[in-house]
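Tertiary structure, described
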Amino acid sequence: MTAPESDKSFATTQPVHQYIKLLSDHEKQSNSNPNLSYVRTIILKSLSDPAVYTGFNELKNALQLPPYNIENSTAGQLLLRTLDLFSYGCYLDYKSVATDDTNADADANAGGTFVKLNEAQETKLKLLTIVTVVQQTLEKMGKNEDHVT
């Protein structure tokens, strides 16, 4: 397998891997620590990408290793919490801290808990929430069936 084929298979294994690869490639090309603005752009693109519904925790884990260590800055913590939201949270978690757009900071919603989501990102979070609720309901139904027999 040639290098380009290897890169292609890596990027297509999971759609989120293309974003991890972009971060890795940027780090290799950069002589200093990666630019937080670039990291933020990559994260926001992954959250908006209609093909990416899994792997947000994997992306987060990659960002917590050197040279990134983005948890050391307030903006970085905001990005990591937003990735956690898409990995383990639900839309209600987001809306419970959201405010009116006219009063919201450009990068954060109320309290600086998460990155302010655009419409596509909010829609994705809603869809992920539906999947979570269905999975939880099916798990409960399966447990109830075990007790009936």
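See the structure printed just above.
Residues numbered from 1 in each chain as written. Predicted model: local features only at pLDDT ≥ 70, side-chain atom pairs only at ≥ 80, totals over all residues. Heavy atoms only, no water.

So, about the overall build of the protein chain. When helices and strands are tallied, the protein chain shows seven helices and zero strands. Taken from N to C terminus, the helices and strands of the protein chain fall in the order α-α-α-α-α-α-α. Counted over contacts in the protein chain with a minimum sequence separation of 6, partners at least 24 positions apart contribute 59%. Surface exposure of the protein chain reaches about 9100 Å², of which carbon and sulfur atoms provide 54%. (Helix = DSSP H or I, 4+ residues; strand = E, 2+ residues; numbered from the N terminus. Contact = heavy atoms within 4.5 Å. Areas by Shrake-Rupley, 256 points an atom, 1.4 Å probe, with all protein chains shown as cover.)

Summed over the entire model, instances satisfying the criterion amount to two salt bridges. A salt bridge links lysine 21 to aspartate 25; its shortest N-O distance comes to 2.9 Å. Residue lysine 21 and its partner aspartate 25 are both found in helix 2 (residues 17-29); the two are separated by four residues, about one turn of the helix. The partner of lysine 60 in a salt bridge is aspartate 84, and the shortest N-O contact between them spans 2.9 Å. Residue lysine 60 is found in helix 4 (residues 56-63), and its partner aspartate 84 is found in helix 5 (residues 74-88); the two are separated by 24 residues along the sequence. Since its relative accessible area comes to 14%, lysine 60 is described here as buried. (Salt bridge = Lys/Arg side-chain N within 4 Å of Asp/Glu carboxyl O. Buried < 20%, exposed > 50% of the residue type's maximum accessible area, 1.4 Å probe, protein only.)

This part takes up the packing of aromatic side chains. Enumeration over the complete set of coordinates arrives at three aromatic pairs. Here the aromatic rings of tyrosine 94 and phenylalanine 114 are separated by 6.2 Å at their centres, their planes lie at 45 degrees, and the arrangement is tilted. Here phenylalanine 114 lies in the loop between helix 6 (91-95) and helix 7 (119-148) and tyrosine 94 lies in helix 6, a separation of 20 residues in the sequence. There is no split in this pair, since tyrosine 94 and phenylalanine 114 are both buried. Among the aromatic residues, ring-to-ring pairing joins Tyr91, Tyr94 and Phe114 into one connected group. Directly above the aromatic system of tyrosine 53 lies the positively charged group of lysine 124, at a separation of 5.1 Å from the ring centroid. (Phe/Tyr/Trp six-rings, centres within 6.5 Å; stacked < 30°, edge-to-face > 60°. Lys NZ or Arg CZ within 6 Å of the ring centre and 35° of its normal.)

On to helix 2, then. Given a rise of 1.5 Å per residue, 13 residues ought to cover 18 Å, and the 18 Å separating the end C-alpha atoms of helix 2 matches this to within 8%. Among the residues of helix 2, those classed as buried are His17, Tyr19, Ile20, Lys21 and Leu23. (Expected span 1.5 Å × (residues − 1).)

Where helix 3 (residues 36-48) meets helix 4, the closest approach of the two axes is 11 Å, and the angle between their N-to-C directions is 175 degrees. Taken together, helix 3 and helix 4 sit at an angle that is classed as roughly antiparallel. Across from Val39, Ile43, Ser46 and Leu47 in helix 3, the residues of helix 4 making contact are Phe56, Leu59 and Leu63. In terms of residue class, the contact of helix 3 with helix 4 is made up of six nonpolar, one polar and no charged. (Axes fitted to C-alpha atoms, helices over the stretch in contact; angles between N-to-C directions. Parallel < 35°, antiparallel > 145°, perpendicular 65-115°, else oblique. Nonpolar A, V, L, I, M, F, W, Y, C, P; charged D, E, K, R; others polar.)

The terminal C-alpha atoms of helix 3 lie 18 Å apart, and with 13 residues this matches the ideal 18 Å at 1.5 Å per residue to within 8%. Listed as buried for helix 3 are Val39, Ile42, Ile43, Leu44, Ser46 and Leu47. At the N-terminal end of helix 3, a side-chain oxygen is found 2.7 Å from the backbone nitrogen of serine 37, two or three residues along, and the residue is asparagine 35. (Polar contact = N/O pair within 3.5 Å; in protein donor to acceptor, adjacent residues only side chain to side chain.)

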